[in-house]
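Observations on chain architecture
Listed here are the chains, written in short residue letters.
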Amino acid sequence: QVQLVESGGGLVQPGGSLRLSCAASGITSSSYDMNWYRQAPGKERESVASITRTGGSTNYVDSVKGRFTISRDNAKMTVYLQMNSLKPEDTAVYYCNALRVSSLGRTYDYWGQGTQVTVSS
């Protein structure tokens, strides 16, 4: 059974920091590209950051560039999202995603349950 379990969310003041973690089980996470998404109330889910299987390449949505850092520890089967200089508009439920397309073209796409991040004074 595949599980992605996020942790580290909470309430933080503007300008503060949080570190989200996503622990994977039931898959060899080093075979997957890993992604963080978020969904704010009344808005569509958006991709925030992504990291390739080896960690050699990362991408960020423009709104978080320079503030958020995605990283992974394949030995611990965990991916992280370090969030600094948080703004109220970062408030959302953050989701971890594992994605792999096999050599035969089959897509493996798994999601965590989400963790709430609230940025407010």
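Our structure is the block above this text.
Everything numeric in this text was worked out from a predicted model, so none of it was measured. (Residues numbered from 1 in each chain as written. Predicted model: local features only at pLDDT ≥ 70, side-chain atom pairs only at ≥ 80, totals over all residues. Heavy atoms only, no water.)

1. Overview of the overall build of the chain
Keep this limit in mind: Helix and strand definitions follow DSSP, with helices as H or I runs of at least four residues and strands as E runs of at least two, each counted in order from the N terminus. Computation of the radius of gyration draws on C-alpha atoms alone. For the globule rule, the value is 2.2 Å times the number of residues to the power 0.38. For accessible areas, the Shrake-Rupley method is used with a probe of radius 1.4 Å. Any residue's cover is judged against the shown protein chains and nothing else. The charge count includes Lys and Arg as positive and Asp and Glu as negative, but it does not include His or the ends of the chains. Lysine's charge is taken at NZ, arginine's at CZ, aspartate's at CG and glutamate's at CD.
In terms of helices and strands, the chain carries zero helices and 11 strands. Put simply, the chain runs from its N terminus to its C terminus through helices and strands in the order β-β-β-β-β-β-β-β-β-β-β. Here the C-alpha radius of gyration of the chain, 14 Å, is about what a compact globule of 121 residues would show, namely 14 Å. If one aligns the C-alpha atoms of the chain with their principal axes, the spans along those axes are about 50 × 25 × 25 Å. Carbon and sulfur atoms provide 45% of the accessible area of the chain, an area that totals close to 6500 Å². Taking the 12 positively charged and 9 negatively charged side chains of the chain as two groups, their mean positions are separated by 5 Å.

2. Here's the deal with the packing of aromatic side chains
Worth spelling out the cut-off: For Phe, Tyr and Trp, where Trp contributes only its six-membered ring, two rings pair if their centres lie within 6.5 Å, and the inter-plane angle classes them as stacked under 30 degrees, edge-to-face over 60, or tilted in between. Think of it as a cone above the ring: NZ of Lys or CZ of Arg counts as a charge over the ring if it is within 6 Å of the ring centre and within 35 degrees of the ring normal.
Going through the model one piece at a time under the given rule, you end up with two aromatic pairs. Summarising the aromatic geometry, the rings of tyrosine 32 and tyrosine 110 are spaced 6.1 Å apart at their centres and angled 50° between planes, so their arrangement reads as tilted. One end of the pair, tyrosine 32, is in the loop between β3 (18-25) and β4 (33-39); the other, tyrosine 110, is in strand β10 (residues 107-111), with 78 residues separating them in the sequence. Seen from the ring of tyrosine 108, arginine 100 lies directly overhead, with NZ or CZ sitting 4.5 Å from the centre.

3. What to know about the side chain of glutamate 6
Note the threshold: We define a polar contact as two N or O atoms separated by no more than 3.5 Å, with the added condition that, inside protein, one atom must be a possible hydrogen donor and the other a possible acceptor, whereas residues neighbouring each other in sequence contribute only through side-chain atom pairs. Contacts between residues were defined by any pair of non-hydrogen atoms, one from each residue, lying within 4.5 Å.
Within the secondary structure, glutamate 6 is located in strand β1 (residues 3-7). A distance of 2.9 Å separates the side chain of glutamate 6 from the backbone nitrogen of glycine 114, its partner in a polar contact. Dropping the residues within four chain positions of it, glutamate 6 is found in contact with Ser21, Cys22, Trp36, Tyr94, Tyr95, Cys96, Gly112, Gln113, Gly114 and Thr115.

4. Side note on empty space enclosed by the protein
Operational definition: A cavity here means a set of 1 Å grid points, computed over protein atoms only, where a 1.4 Å probe fits but cannot escape. A pocket is an open set with protein on both sides within 12 Å along at least 5 of 7 lines, and lining residues have an atom within 4 Å of a point. Grid points are joined across faces, edges and corners, and a volume is the space filled by probe spheres set on the points. In the scheme used here, Gly and all other residues not listed as nonpolar or charged are polar, with Ala, Val, Leu, Ile, Met, Phe, Trp, Tyr, Cys and Pro taken as nonpolar and Asp, Glu, Lys and Arg as charged.
In the structure shown here, the tally under the stated rule is one cavity of 30 Å³ or more. Looking at the largest cavity, the residues that line it are Ser29, Met34, Arg72, Asn74, Met77, Thr78 and Val79. Of the residues in the lining of the largest cavity, the class split is three nonpolar, three polar and one charged.

5. Overview of the sheet that holds β1
The condition is simple: If DSSP finds at least two bridges between two strands, the strands pair. Axis lines are fitted to C-alpha atoms, over the contacting stretch for helices. Their N-to-C directions set the angle, which ranges from 0 to 180 degrees.
One open sheet accounts for four strands, arranged β1-β3-β8-β7; its pairing is antiparallel. A strand with exactly one partner marks an edge of an open sheet, and here the two such strands are β1 and β7 (68-73). Neighbour-to-neighbour, the strand axes of the sheet open up by a mean angle of 15°, direction not taken into account.

6. Side note on the pairing of β10
Of the strand pairs in this sheet, strand β9 (residues 92-101) and β10 are connected by five bridges, and their pairing is antiparallel. The partner of asparagine 97 across the bridge, within β10, is tryptophan 111. The antiparallel pairing of β9 with β10 creates a hairpin that spans five residues between the two strands, and glycine 105 there sits at a positive phi of about 90°.

7. What to know about the state of the cysteines
As a reminder of what qualifies: Two cysteine sulfurs form a disulfide in these notes if their separation is within 2.5 Å. Here's how the labels work: a residue is buried when its accessible area is under 20% of the maximum for its type, exposed when over 50%, partly exposed in between, all with a 1.4 Å probe on protein chains only.
Tallied over the entire structure, the rule returns one disulfide. The disulfide partner of cysteine 22 is cysteine 96, and the gap between their sulfur atoms is 2.1 Å. Around the S-S axis, the bridge from cysteine 22 to cysteine 96 shows a dihedral of about -80° and counts as left-handed. Placement of cysteine 22 in strand β3 and of cysteine 96 in strand β9 is noted, with a sequence separation of 74 residues between them. Residue class for cysteine 22 comes out buried when judged on its relative accessible area of 1%. Note on cysteine 96: relative accessible area 0%, which makes it buried.

The values are spatial; any link to function lies outside them.
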